[in-house]
Amino acid sequence: MKADLRAGRLSFSAGPFGLGPGKPSLQVDGRRVTLRAEKFTKGKLTWRGAGGLELTQQITAETKGRLRVTSRLRNGSAQGCVLNHVTLFAATRLELGTSAADVRILEQSAYLARVRTPRQMLTGSDRLKALDGTAGAFVSETHTVFYNPAARAGLLIGFETVDRWLPKIAGRMFAAAGRSLSGADNVDGGAALTPVETASLKKVPRFRSFTIGFDGGDLAVAPGETVALGDFVLEAGRDPLALLGAHGDRIKRINRFPAPPKPLANWCSWYPYRLGVTEERVLATARAARARHLDRLGLRIVQLDLGWEKDNLPTSFEENERFGRGLGWLSGELRREGFQLGVWVGVLCIADTHPVAREHPEWLLRGADGQPRNNYNWFWAPFCPVYALDVTHPGAQAWLRENFTALARKGVRFVKWDFAGVVTTKELRGRHDPRRLSGGAREAVRTAFRIAQEALDSQGEKALMIDCSGTDLAAAGIAGLSYAVMDTGNTGLGWRHLRDVYTSYACHLFKQRWALLQPSCLVTGLPGTLEEARIRATATFMGAGHVDLGDDLTKLPEDRWNVLLATLPPNDTPATPIDLFHPIRTGTLPYLTLVKAQPDELPREGEPQGACVWVLPVRADWDEWTLVAVFNWDEPTVEKGSGVNLARRYQVEFERLGFPGKPRLWAHEFWSGQFLGEIPRLPQPADSYRHPGDFSDPILTFCSFLFDIGFHGPAVKLLILRRPRAHPWPVGTSFHQSGGRELSDVRWEVKTHTLSGKLHRPPGESGHIFIAVPGPDGAVGTSKISLTTTADVTAWSIRLQ
């Protein structure tokens with residue numbers, strides 16, 4: 001990774017990637033300030049502008065592949081100034097190397113994340129736009145990654161200091177002929193690309209702008225004051241996921257974040273009851289959960305969502321008539337059932353009907369007219385205007401501290417803080433203390449989270465908070481949990497929605513280093529299908545985050561209970577979504593061509609289509625294996641000529657699943673309980689008879705180094721892959737998605753031909769342990785033990801010939 005200054009402009013380069021030449025700029029006192037390079041010595045670059053402004057950028061080569069840029073602004077004049085916006089680097093050139101249209105680009109914010117190519121951005125073929133709603137562009141908060149599959153090269157750009165600013169990295173593109181695709185005409189449904197224009201994108205997607213910067217928040221800078229503008233790094237490497245992981249490690253270390261809590265589960269009232277939640281329903285849920293022993297499977301908290309507060313308003317800390325005996329009484333009742341009380345709050349949103357709005361307008365953030373600004377009307381009755389609390393005001397801080405302390409005294413040990421990002425709204429510039437940031441920045445929202453966490457902990461027992469602010473890293477290192485996606489919603493909302501939600505989750509998994517991530521509520525009940533429930537449960541489990549149950553447990557059908565129970569206790573190690581950046585081969589399973597004995601089209605690499613293949617190595621005291629979750633997010637393609645719905649096919653090298661060379665593996669599919677035998681299978685001779693019935697087994701045959709699977713979707717297949725044994729051995733159970741971590745002390749006794757072990761599940765659960773049984777001729781048969789647990793640990797054994 002290299003930095004170079006020529007003709008007063010800065011460039012960065014690494015492998016196929018090139019940024020610049022470019023330079024920084026500022027907006028101060030409402031005017032753009034042009035900066036000129038003064039000197040570049042010992043890695044320190046000094047830029048000067050009008051009004052005595054001096055920007056220094058220390059460029060440090062930390063490793064051969066990583067540069068750190070540390071920026072500071074000094075007001076060298078005798079007058080104070082107001083900092084409106086900071087651009088640390090701006091250029092009209094971003095070089096992506098050969099096959100630029102196929103480069104993968106990570107775009108992310110607090111709740112949204114995806115990997116797209118310039119071709120998708122320019123054509124809109126994935127039906128997405130940039131996070132700011134524009135076409136032909138990408139906009140990413142805090143960090144981004146570029147990955148060129150042809151060159152096997154990646155480049156990460158990411159900020160690693162988090163307390164104050166809210167950085168963005170953005171690029172705008174145009175097609176080869178120079179036609180802009182990020183203007184308003186395209187955003188609002190302008191003319192589509194012609195076939196010629198679309199074809200040209202494979203050759204020459206070009207950037208017309210690339211920027212790294214952030215909102216200055218109208219920060220007041222005193223004469224002679226120096227303001228730290230944070231650190232960002234540029235790091236090159238071959239593995240984009242490894243770049244993100246190392247970036248996450250540095251963020252945790254530099255900012256001294258504590259370790260996240262161990263995985264846990266809670267129940268949330270929103271999706272089953274919304275504003276109809278009551279004391280009685282909450283206690284009935286707790287009793288239903290205890291009856292199924294969820295307290296022994298990691299469920300710790302029963303959480304009231306919006307609906308417990310007076311008038312159902314986010315500002316209120318006072319209980320409404322449905323909770324007439326108070327939170328203190330309810331927390332005591334829940335403790336008797338084995339659970340702790342959690343509550344939802346949205347208290348940085350100030351309803352205009354609340355006493356704070358009427359009695360303390362000075363505690364409210366103001367707009368350009370100097371008056372408290374109505375950000376929006378509340379989404380539920382009474383639909384009143386909502387202002388934002390000015391956290392820079394000492395009175396507002398004291399109000400927060402007092403009320404969160406009161407919650408702690410009532411026994412609240414978990415707080416879900418929603419809508420806190422309202423104070424980062426860029427229009428909210430007017431505040432009590434102009435030397436502290438709010439609108440357009442992180443400082444105020446982080447201050448609020450610190451106040452709340454300290455108050456909740458003040459009663460001698462550590463409390464948990466989850467950051468649902470919608471602002472990236474708003475409570476990183478403060479709240480132990482973080483909401484990582486858009487709401488999953490009740491079941492039946494559509495497969496594209498689930499693809500976007502869980503792909504965002506996959507992109508955020510590296511943040512598990514400092515926060516237990518929540519992929520929104522795990523809702524498994526009706527009206528959605530059983531397959532949808534399995535998709536939601538598998539993604540939740542493989543992510544190893546916070547499991548937030550969102551069903552009415554008093555009415556949940558038994559088949560959905562099986563899905564829920566198989567997800568608990570939560571997994572403690574996140575999987576790797578291997579196809580986020582590096583493509584896999586996809587295609588369809590033909591019908592008509594097989595019937596007519598014609599050759600079928602083989603799968604091929606294509607554009608990113610979400611996180612489809614997640615891989616997780618697992619180890620227990622008795623064996624080790626690998627979980628491979630394959631998600632088919634798409635409705636079936638209809639075959640021309642036959643009208644048949646076609647299954648989707650996925651191919652990926654075994655090496656990318658963690659099995660180099662030509663492995664031999666036993667495969668078992670968890671949700672169906674189907675033993676799939678030994679894989680990979682030998683390819684069939686070219687002249688062998690083939691027909692659609694071959695696809696009754698999802699494992700297909702292609703070659704010895706490819707994992708090849710096909711099935712109808714939308715659906716998920718959770719494969720358990722392990723090395724074969726010469727004797728009978730478990731290949732999975734129906735109890736837990738881990739594939740066997742609920743088992744221990746598994747032994748094969750040669751003399752007695754007995755397989756035995758222990759099952760760790762609460763009493764009363766019924767299910768199966770599936771066993772592969774090798775035969776003398778090399779064929780592998782199957783057997784199973786069906787049992788009902790009688791205690792937390794149930795011994796089992798089976799004699800097999």
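Our structure's up above, just so we're on the same page.
Conventions we followed
- Residues numbered from 1 in each chain as written.
- Predicted model: local features only at pLDDT ≥ 70, side-chain atom pairs only at ≥ 80, totals over all residues.
- Heavy atoms only, no water.
- Helix = DSSP H or I, 4+ residues; strand = E, 2+ residues; numbered from the N terminus.
- Buried < 20%, exposed > 50% of the residue type's maximum accessible area, 1.4 Å probe, protein only.
- Contact = heavy atoms within 4.5 Å.
- Phe/Tyr/Trp six-rings, centres within 6.5 Å; stacked < 30°, edge-to-face > 60°.
- Lys NZ or Arg CZ within 6 Å of the ring centre and 35° of its normal.
- Expected span 1.5 Å × (residues − 1).
- Axes fitted to C-alpha atoms, helices over the stretch in contact; angles between N-to-C directions.
- Parallel < 35°, antiparallel > 145°, perpendicular 65-115°, else oblique.
- Nonpolar A, V, L, I, M, F, W, Y, C, P; charged D, E, K, R; others polar.
- Pairing = 2+ DSSP bridges.

**Q** Looking at this structure, how should I read the environment of glutamine 371?
**A** When you line up the elements, glutamine 371 lands in the loop between helix 8 (355-359) and strand 23 (376-377). Residue glutamine 371 is classed as partly exposed on the basis of its relative accessible area, which comes to 48%. Residues glutamine 371 and valine 716 lie 345 residues apart in sequence; the distance between their C-alpha atoms is 52 Å. Excluding its chain neighbours within four sequence positions, the residues that come into contact with glutamine 371 are Leu365 and Arg366.

**Q** Honestly, the packing of aromatic side chains in this entry has me stumped. Any pointers?
**A** Aromatic rings in a pair are described by how distant their centres are and how their planes are angled relative to each other. Evaluated as defined, the whole model comprises 33 aromatic pairs. Summarising the aromatic geometry, the rings of phenylalanine 159 and phenylalanine 232 are spaced 5.3 Å apart at their centres and angled 45° between planes, so their arrangement reads as tilted. Taken as a pair, phenylalanine 159 in strand 15 (residues 153-159) and phenylalanine 232 in strand 18 (residues 226-237) lie far apart in primary sequence, 73 residues in all. Arranged with centres 5.3 Å apart and planes meeting at 65°, the rings of tryptophan 378 and phenylalanine 419 form a pair that is edge-to-face. Here phenylalanine 419 lies in the loop between strand 25 (412-418) and helix 10 (443-456) and tryptophan 378 lies in the loop between strand 23 and strand 24 (385-388), a separation of 41 residues in the sequence. Arginine 325 extends its terminal NZ or CZ atom over the ring of tryptophan 329, reaching a point 4.0 Å from the ring centre.

**Q** Can you help me understand helix 6 (residues 279-291) in this one?
**A** Each α-helix turn comprises 3.6 residues. Residues three or four places apart therefore point the same way. Taking 1.5 Å of rise per residue, the 13 residues of helix 6 would be expected to cover 18 Å, and the 18 Å separating its terminal C-alpha atoms lies within 8% of that figure. Among the residues of helix 6, those classed as buried are Glu279, Val282, Leu283, Thr285, Ala286, Ala288 and Ala289. In this structure, the buried residues of helix 6 make contact with strand 19 (265-268), helix 5 (270-273), strand 20 (299-304), helix 7 (326-336) and helix 13 (558-565). In the stretch just after helix 6, histidine 293 is the one whose phi turns positive, near 60°.

**Q** Would you take a moment to explain the packing of helix 11 (residues 495-508) against helix 12 (residues 530-543) for this structure?
**A** In a packed pair of helices, the relevant descriptors are the angle between the two axes and the axis-to-axis distance. For the pair helix 11 and helix 12, the least separation of the axes is 11 Å and the interaxial angle reads 5°. For the element pair helix 11 / helix 12, the angle class is roughly parallel. Where helix 11 approaches helix 12, its residues Trp495, Leu498, Tyr502 and Tyr505 are matched on the opposing element by Glu532, Ile535, Arg536, Ala539, Thr540 and Gly543. Residues of the contact of helix 11 with helix 12, tallied by class, amount to six nonpolar, two polar and two charged.

**Q** Would you take a moment to explain the sheet that holds strand 23 for this structure?
**A** The pairing of strands in a sheet comes from backbone hydrogen bonds and takes either a parallel or an antiparallel form. Strand order in the open sheet made by the three strands is 22-24-23, with antiparallel pairing throughout. Sheet topology places strand 22 (349-351) and strand 23 at the edges, where each strand pairs with a single neighbour. Two elements, strand 22 and strand 24, share three bridges in a ladder whose sense is antiparallel. Within strand 24, the position partnered with alanine 351 by the bridge is valine 386.

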